[in-house]
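# A structural walkthrough
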Amino acid sequence: MKDDISISVIKRLPRYYRFLENLKNNGIVRISSKELAERMGLTASQIRHDFNCFGGFGQQGYGYNVPELYDKIGEILYVNKELKTILIGAGNLGKAVSSKIFQRKSGFRLIGVFDKNEALAGKIIRGLPVRHIDYLENFCRDNNPICAVICIPSNDMKELTDLLCRLGIRSFWNFSNYDIAMAHPEVLVENVHLTDSLMTLSYITETRLLDEAQEG
Ligand code: NAI
């Protein structure tokens, strides 16, 4: 990532990517920043500002070429890369995350699945056998994964995180409640808490209902 590009711009890129994928799949080849802005609920100047961080992709008077812009944003997000990734926890969430998310290009490739439940050993997830967690160390030494997806409760996370960091894991997609970054500020962590999003929805829904009740 270029040093001068803010993380908030980077965080907006996946949304552009999704929108452009949709436009591309609908056969749209060209779009103006104004039209893209209208469709996305943004302003044209916001879009131009975001794209200018990468040198700007449009042409004066033409707008954006949708398939080209889609590819460019994909390149910026490294979606075609395949960072070696392991999944820890082959329960409900681990299965859902691996089957629904790793089936599309995301920049990551799942190479190993681990669980401490012996009954799961040998079961197949995303074409990979679930391995007992005892094999984690040898597997990492042989295969050098870079990223770990964490789909287990927090109980064992301190020990596990220490081990994963020692084994060379550099980034975590963390669904557990354990604060990995606090214990290991040297690694990169994306925390995902679906319930945070749900609680936000709860707040805005309830306050809207209360406001309407007061008005009515
Ligand atoms: P689950 O019980 O179906 O699966 C958990 C799996 O983790 C089990 O197979 C268990 O054997 C394994 N496991 C536990 N400790 C382990 C360890 N030290 N090493 C390897 N494997 C281990 O539970 P589910 O529904 O898949 O949820 C997993 C965790 O994710 C829960 O703690 C839950 O709170 C959290 N979660 C987080 C969400 C989020 O949005 N961040 C959403 C849903 C669940």
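Procedures and definitions
Residues numbered from 1 in each chain as written. Predicted model: local features only at pLDDT ≥ 70, side-chain atom pairs only at ≥ 80, totals over all residues. Heavy atoms only, no water. Helix = DSSP H or I, 4+ residues; strand = E, 2+ residues; numbered from the N terminus. Buried < 20%, exposed > 50% of the residue type's maximum accessible area, 1.4 Å probe, protein only. Contact = heavy atoms within 4.5 Å. Near = heavy atom within 4 Å. Polar contact = N/O pair within 3.5 Å; in protein donor to acceptor, adjacent residues only side chain to side chain. Areas by Shrake-Rupley, 256 points an atom, 1.4 Å probe, with all protein chains shown as cover. Core = buried A, V, L, I, M, F, W, Y, C linked by side-chain atoms within 4.5 Å. Pairing = 2+ DSSP bridges. Right-handed = clockwise from strand over helix to strand, strands pointing away. Arc of directions from axis to C-beta.

### A few points about the side chain of Ser171
- Relative to the assigned elements, Ser171 resides in strand β8 (residues 171–174).
- In this structure Ser171 comes out as buried when scored by relative accessible area, which is 15%.
- If near-sequence neighbours (up to four positions away) are discounted, Ser171 is found in contact with Ile146, Cys147, Ala148 and Leu188.

### Overview of the site of the ligand
- The ligand sits among 18 residues. The nearest are Leu93, Asp115, Asp156, Val192 and Leu194.
- Separating an oxygen atom of the ligand from a backbone N or O atom of Asn92 is a distance of 2.9 Å.
- Contact between the ligand and Asp156: a nitrogen atom at 2.8 Å from a side-chain N or O atom of the residue.
- Relative to its unbound accessible surface of 860 Å², the ligand loses 71% to contact with the protein.

### A short note on the nonpolar core
- Formed by 23 residues in total, the largest nonpolar core has its most connected members in Tyr16, Leu20, Phe51 and Ile73.
- Among the elements of the structure, α1 (7–25), α2 (33–40), α3 (44–52) and α4 (66–76) are those that each provide at least two residues to this core.
- Of all the elements, α1 adds the most residues to this core, at seven residues.
- Beyond its immediate stretch of four places on either side in the chain, Ile73 contacts Leu13, Tyr16, Tyr17, Leu20, Phe51 and Phe57.
- Grouped together as the second largest cluster of nonpolar side chains are 21 residues, Ile88, Phe114, Leu136 and Met157 included.

### Quick word on the pairing of strand β7 (residues 147–150)
- Of the two faces of β7, the one lined by Cys147 and Val149 and the one lined by Ala148 and Ile150 are each fully buried.
- Sheet topology places strand β3 (residues 83–88) next to β7; four bridges connect them, and they run parallel. If you follow Ile86 over to β7, its bridge partner there is Ala148.
- Of the strand pairs in this sheet, β7 and β8 are connected by four bridges, and their pairing is parallel. For Cys147, the partnering residue across the bridge sits in β8 and is Ser171.
- Read as a crossover between parallel neighbours, the route from β7 over helix α7 (residues 157–166) to β8 is right-handed.

### Some words on helix α6 (residues 136–143)
- Of the positions making up α6, those classed as buried are Leu136, Phe139 and Cys140. For α6, the angular spread of buried residues about the axis comes to 95 degrees, placing them on one side. In α6, the exposed positions that point more than 90 degrees away from the buried face belong to Arg141 and Asp142.
- Looking at the buried positions of α6, the neighbouring elements they touch are β3, β4 (108–115), β6 (128–132) and α7.

### Let's talk about the environment of Lys116
- Topologically, Lys116 is positioned in the loop between β4 and β5 (124–125).
- Residue classification places Lys116 among the exposed residues on the basis of a relative accessible area of 58%.
- Non-local contacts of Lys116, meaning those with residues more than four positions away in its chain, are made with His132, Ile133 and Asp156.
- Separated by 3.0 Å, the side chains of Lys116 and Asp156 make a polar contact.

### Description of the pairing of β8
- Pairing geometry for β8 and strand β9 (residues 188–191), over four bridges, is parallel. Bridge pairing in β9 places Trp173 opposite Glu190.

Remember that the coordinates give geometry; whether it matters functionally is a separate question.
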